[in-house]
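Each chain, letter by letter, is given below.
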Amino acid sequence: MDLRIRQELTRLAETSAPDSVMVICTDGNDLADEIQARLPRTPLTRLPTDTVGDGMSGLTRHELVLVPDALGRLSREDATHLIASLRDLYSESLYVLLPRGEAGDWTEQDLVALGLERVRSYAGPAGTSHLFRFNLKDYKKTPDWLNPRHWANPEMWDKARW
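The following refers to the structure shown. Here the structure is a predicted model, which is why all the values come from computation and not from measurement.

A few points about the overall build of the protein chain
Part 1: Per the secondary structure count, the protein chain includes six helices and six strands.
Part 2: Listed N to C, the secondary structure of the protein chain is α-β-α-β-α-β-α-α-β-α-β-β in terms of helices and strands.
Part 3: By the compact-globule yardstick of 15 Å for 162 residues, the protein chain is too spread out, its C-alpha radius of gyration being 20 Å.
Part 4: Out of the 162 residues in the protein chain, the part that is buried amounts to 41%.
Part 5: Looking at the protein chain alone, contacts between residues at least 24 apart form 63% of all its contacts between residues at least 6 apart.
Part 6: Total accessible area on the protein chain is roughly 9,600 Å²; 51% of this is exposed by carbon and sulfur atoms.
Part 7: Counting 20 positive and 25 negative side-chain charges, the protein chain places the averaged centre of each group 7 Å from the other.

Focus on the nonpolar core
Part 1: Core analysis: the biggest nonpolar cluster contains 25 residues, and V67, L82, I83, L86 and L111 have the highest contact counts within it.
Part 2: Residue assignment for this core shows that the elements contributing at least two residues are β1 (21-25), β3 (62-67), α4 (70-73), α5 (76-90), β4 (91-98) and β6 (127-135).
Part 3: Ranked by the residues each element gives to this core, the list is headed by α5, at five residues.
Part 4: Setting aside residues no more than four positions away along its own chain, V67 makes contact with I24, L82, L86, L94, Y95, V96 and L97.
Part 5: Formed by 17 residues, the second largest nonpolar core is a distinct cluster that contains V23, I35, L66 and L131.

What about α5?
Part 1: Helix length check: α5, at 15 residues, gives a terminal C-alpha distance of 20 Å against a target of 21 Å (1.5 Å per residue), a fit within 8%.
Part 2: Here α5 has its buried residues at A79, L82, I83, A84, S85, L86, R87 and Y90.

Here we look at the layout of surface pockets
Part 1: In this model, the second largest pocket occupies a volume close to 160 Å³.
Part 2: The element best represented in the lining of the second largest pocket is α5, accounting for four residues.
Part 3: Residue classes in the lining of the second largest pocket are distributed as four nonpolar, five polar and two charged.

Side note on the pairing of strand β5 (residues 117-124)
Part 1: One ladder, built from seven bridges, connects β5 with β6; its direction is antiparallel. From the neighbouring strand, S121 faces β6, where its bridge partner is H130.

Points about the environment of C25
Part 1: Relative to the helices and strands, C25 is located in strand β1.
Part 2: Sequence-distant contacts of C25, defined by excluding residues within four places in its chain, comprise R46, L47, P48, T49, P68 and D69.

Concerning helix α1 (residues 3-16)
Part 1: Here α1 is 14 residues long and its end C-alpha atoms lie 20 Å apart, about the 20 Å a rise of 1.5 Å per residue gives.
Part 2: Considering only its buried residues, α1 is in contact with α2 (31-38), β3, β4, β5 and β6.
Part 3: Just beyond α1, the residue with positive phi is A17, at close to 45°.

Some words on the packing of α1 against α2
Part 1: Their axes nearest at 10 Å, the elements α1 and α2 cross at an angle of 35°. In this structure, the crossing between α1 and α2 has a hand that is right-handed. Counting all contacts with α1, which are made through R6, L9, T10, A13 and E14, the residues of α2 involved are L31, E34, I35 and R38.
Part 2: When the residues that make up the contact of α1 with α2 are grouped by side-chain class, the tally is four nonpolar, one polar and four charged.

Conventions adopted
- Residues numbered from 1 in each chain as written.
- Predicted model: local features only at pLDDT ≥ 70, side-chain atom pairs only at ≥ 80, totals over all residues.
- Heavy atoms only, no water.
- Helix = DSSP H or I, 4+ residues; strand = E, 2+ residues; numbered from the N terminus.
- Rg over C-alpha atoms; globule rule 2.2 N^0.38 Å.
- Buried < 20%, exposed > 50% of the residue type's maximum accessible area, 1.4 Å probe, protein only.
- Contact = heavy atoms within 4.5 Å.
- Areas by Shrake-Rupley, 256 points an atom, 1.4 Å probe, with all protein chains shown as cover.
- Lys, Arg positive; Asp, Glu negative; His and termini not counted.
- Charge placed at Lys NZ, Arg CZ, Asp CG, Glu CD.
- Core = buried A, V, L, I, M, F, W, Y, C linked by side-chain atoms within 4.5 Å.
- Expected span 1.5 Å × (residues − 1).
- 1 Å grid on protein atoms, 1.4 Å probe; cavity = no way out; pocket = protein on both sides within 12 Å on 5 of 7 lines; lining within 4 Å.
- Points joined across faces, edges and corners; volume = space filled by probe spheres on them.
- Nonpolar A, V, L, I, M, F, W, Y, C, P; charged D, E, K, R; others polar.
- Pairing = 2+ DSSP bridges.
- Axes fitted to C-alpha atoms, helices over the stretch in contact; angles between N-to-C directions.
- Left-handed = near helix turned anticlockwise from the far one by under 90°.

Now the structure itself:
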């Protein structure tokens, strides 16, 4: 992983000040160690990318989950299942890195279809990597029609007998 992407993800963890962090990465990736050094009091769970299917059954929900290199290491089916599980069960805020050159046949549209939105792009010699986010708090915008003004047709009250 590019140094500036690793620094950006570490800074993201610092600025969001989560109650708990989970990092799913390969053994050679030291992102979890950097986050733990900067946030020593924050509980951090580290899962190796190659064992995520086995190690997820006993997990609890985390406020921040970072997935920097799973798309290039797992099969498409396993990675899709991982992202959907993290999004639905194990995270409030999920960040997934789509690295260029390593991600196989993943496209931006595939991650958008999983409910993630692109928040940052990083240009590099191997191509452009994109950081995607899913945040439970702002995933669904409340539409204008869904408010008390439109419920139960209030403009017809006292005008007609039902």
